[in-house]
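What follows is the residue order along each chain.
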Amino acid sequence: MPSLADRAVRAIERRARMVRHRGDAVLCPLCGRSFRRFMDAWNRPDAICWRCGSHERHRALWLFLLQRPELLAGARSLLHFAPEWALRRKFSRMSHLRYVTADLSARDVDLNLDLTALALPDASYDATVCSHVLEHVSDDAAAMSELRRITAPGGWCLIMVPLDLDRPDTYEDPSVVTAAERERAYRQHDHVRLYAPDIGERLRQAGFTVERVAPADAFGARLISRCRLLEGDYIWLCR
C-alpha cells in the first residue's frame with residue numbers, strides 16, 4: 001500500500017501531466033476531461049486518459065451504458081470482475097446499486113472468486129461486468145456458464161475481450177504454453193486464446209441471448225475519433 005506521501009507525489013505528478021497536455025482534441029467520457037492527446041500505452045499511441053487512466057475499452061463500455069441508461073437504472077446489484085479504477089469509481093458512487101468487486105487473487109476487491117466455479121448462489125446479481133478477463137481463463141465455457149448461472153432473470157452481463165476481427169474462428173492451441181509462445185500466438189504472454197467474433201456463439205451456447213455492439217455502429221466516426229475508441233472493441237450484451 002503506497003504511503004500518504006507517495007500518493008501525494010503521484011497526485012502532483014498526475015496534475016502536472018494534465019496541465020502539460022491540456023487541450024480539446026480528445027475527451028474522456030468517464031472523467032469528463034479533455035486533452036491535446038491521450039497518454040501512449042506500451043503497445044499503442046494516444047490510448048490512456050491522463051486524469052482517470054481509462055483505456056479505449058473502458059471509454060467504450062461507459063459510453064454504451066450512457067446510451068442505454070435503463071441497464072444501470074434497472075439493476076439493483078452489479079458484480080464487477082477485475083475492476084478497472086475509472087469504471088469502479090463510477091459504479092461505486094451509484095447509491096441505488098449494491099456494487100461488488102471480484103478477482104481471482106487481487107487483494108483490493110470484495111470477493112476472491114474463480115470464474116469457472118463461482119462460490120455464489122444462482123441468479124445472485126442483476127448485472128455483471130467482465131471485461132478482458134475470459135482470454136486469461138483456460139476453461140472459458142465453464143466461465144461463461146457460471147456467468148449465466150449467477151445472472152438474475154431479466155438481468156444482463158457485459159463482456160469484452162481482445163478480438164481479431166480478421167479471424168473467422170477463435171484460435172486456441174493447448175500446446176502453446178510458454179509466455180513467449182503465447183505472446184506470439186495470442187498477442188500477450190498471459191492470454192490462453194485469441195478470440196474472433198465467434199465468441200458470440202460461445203456465449204449463446206452458455207445460455208445467453210447475445211447482442212453484439214460494434215463501436216462503429218453504436219457511436220459513429222466522430223465519437224470514435226473524439227474519445228479515441230478502437231473499432232475492434234466490441235461489447236457483448238448478454239441477457
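Residues numbered from 1 in each chain as written. Predicted model: local features only at pLDDT ≥ 70, side-chain atom pairs only at ≥ 80, totals over all residues. Heavy atoms only, no water.

A separate point is the overall build of the chain. The secondary structure content of the chain amounts to nine helices and nine strands. A compact globule built from 239 residues should have a C-alpha radius of gyration of about 18 Å, and the chain, at 18 Å, falls within 12% of that. Judged by the C-alpha coordinates and their principal axes, the chain covers about 50 × 45 × 40 Å. In the chain, which comprises 239 residues, the share counted as buried stands at 47%. Accessible surface for the chain amounts to roughly 12100 Å². Of this, 50% is attributable to carbon and sulfur atoms. Positive and negative side-chain charges in the chain, numbering 36 and 32 respectively, have mean positions lying 10 Å apart. (Helix = DSSP H or I, 4+ residues; strand = E, 2+ residues; numbered from the N terminus. Rg over C-alpha atoms; globule rule 2.2 N^0.38 Å. Buried < 20%, exposed > 50% of the residue type's maximum accessible area, 1.4 Å probe, protein only. Areas by Shrake-Rupley, 256 points an atom, 1.4 Å probe, with all protein chains shown as cover. Lys, Arg positive; Asp, Glu negative; His and termini not counted. Charge placed at Lys NZ, Arg CZ, Asp CG, Glu CD.)

If you trace the backbone, Asp-140 turns up in helix H5 (residues 140-150). Those residues in contact with Asp-140 that sit more than four places away from it in its chain are Leu-134, Arg-193, Tyr-195 and Arg-202. (Contact = heavy atoms within 4.5 Å.)

Counting residues in hydrophobic clusters, the biggest one holds 36 residues, and the most contacted among them are Leu-65, Leu-72, Leu-78, Phe-91 and Trp-156. Those elements giving two or more residues to this core turn out to be helix H2 (56-67), helix H3 (69-73), helix H4 (85-92), strand S6 (125-131), strand S7 (151-160) and strand S9 (235-238). With six residues, the top contributor of residues to this core is H2. (Core = buried A, V, L, I, M, F, W, Y, C linked by side-chain atoms within 4.5 Å.)

This part takes up the packing of aromatic side chains. Tallied over the full model, the rule gives five aromatic pairs. Ring geometry for Tyr-171 and Tyr-186: centres 5.7 Å apart, planes at 55°, overall tilted. Taken together, the residues span a long stretch of sequence, with Tyr-171 in the loop between S7 and helix H6 (179-186) and Tyr-186 in helix H6 at a distance of 15 residues. What links up through ring pairs into an aromatic cluster is the set Trp-62, Phe-91 and Tyr-99. For Arg-59, the ring lying beneath its charged end belongs to Phe-38, and the centroid distance is 4.2 Å. (Phe/Tyr/Trp six-rings, centres within 6.5 Å; stacked < 30°, edge-to-face > 60°. Lys NZ or Arg CZ within 6 Å of the ring centre and 35° of its normal.)

With that settled, the discussion passes to the pairing of strand S4 (residues 98-103). The element S4 is largely enclosed, with a buried count of five among its six residues. In the sheet, strand S3 (residues 77-81) pairs with S4 via five bridges, with the strands oriented parallel. If you follow Leu-78 over to S4, its bridge partner there is Tyr-99. A crossover connection joins S3 to the parallel S4 through H4; in handedness this β-α-β unit is right-handed. In the sheet, S4 pairs with strand S5 (residues 111-112) via two bridges, with the strands oriented parallel. For Asp-103, the partnering residue across the bridge sits in S5 and is Asn-112. (Pairing = 2+ DSSP bridges. Right-handed = clockwise from strand over helix to strand, strands pointing away.)

On to the packing of H2 against H4. In the contact formed by H2 and H4, the axes pass within 9 Å of each other and the chain directions differ by 25°. Comparing the axis directions of H2 and H4 gives the class roughly parallel. Considering the relative orientation of H2 and H4, their crossing is right-handed. From H2, His-58, Leu-61, Trp-62 and Leu-65 reach across to H4, where they touch Leu-87, Lys-90 and Phe-91. For the contact of H2 with H4, the residue count by class is five nonpolar, one polar and one charged. (Axes fitted to C-alpha atoms, helices over the stretch in contact; angles between N-to-C directions. Parallel < 35°, antiparallel > 145°, perpendicular 65-115°, else oblique. Left-handed = near helix turned anticlockwise from the far one by under 90°. Nonpolar A, V, L, I, M, F, W, Y, C, P; charged D, E, K, R; others polar.)

Below, the discussion takes up the sheet that holds S4. What links the strands of a sheet is backbone hydrogen bonding, and the strands pair in either a parallel or an antiparallel sense. Judged by pairing direction, the sheet is mixed, and its seven strands sit side by side in the order S5-S4-S3-S6-S7-S9-S8 without closing on themselves. In this open sheet, the two edge strands, each paired with only one partner strand, are S5 and strand S8 (210-213). Across four bridges, the pairing between S8 and S9 is antiparallel. Bridge pairing in S9 links Arg-212 to Trp-236. In the packing of H2 onto the sheet, the strands contacted are S6, S7, S8 and S9, and the crossing angle to S7 comes to about 145°.

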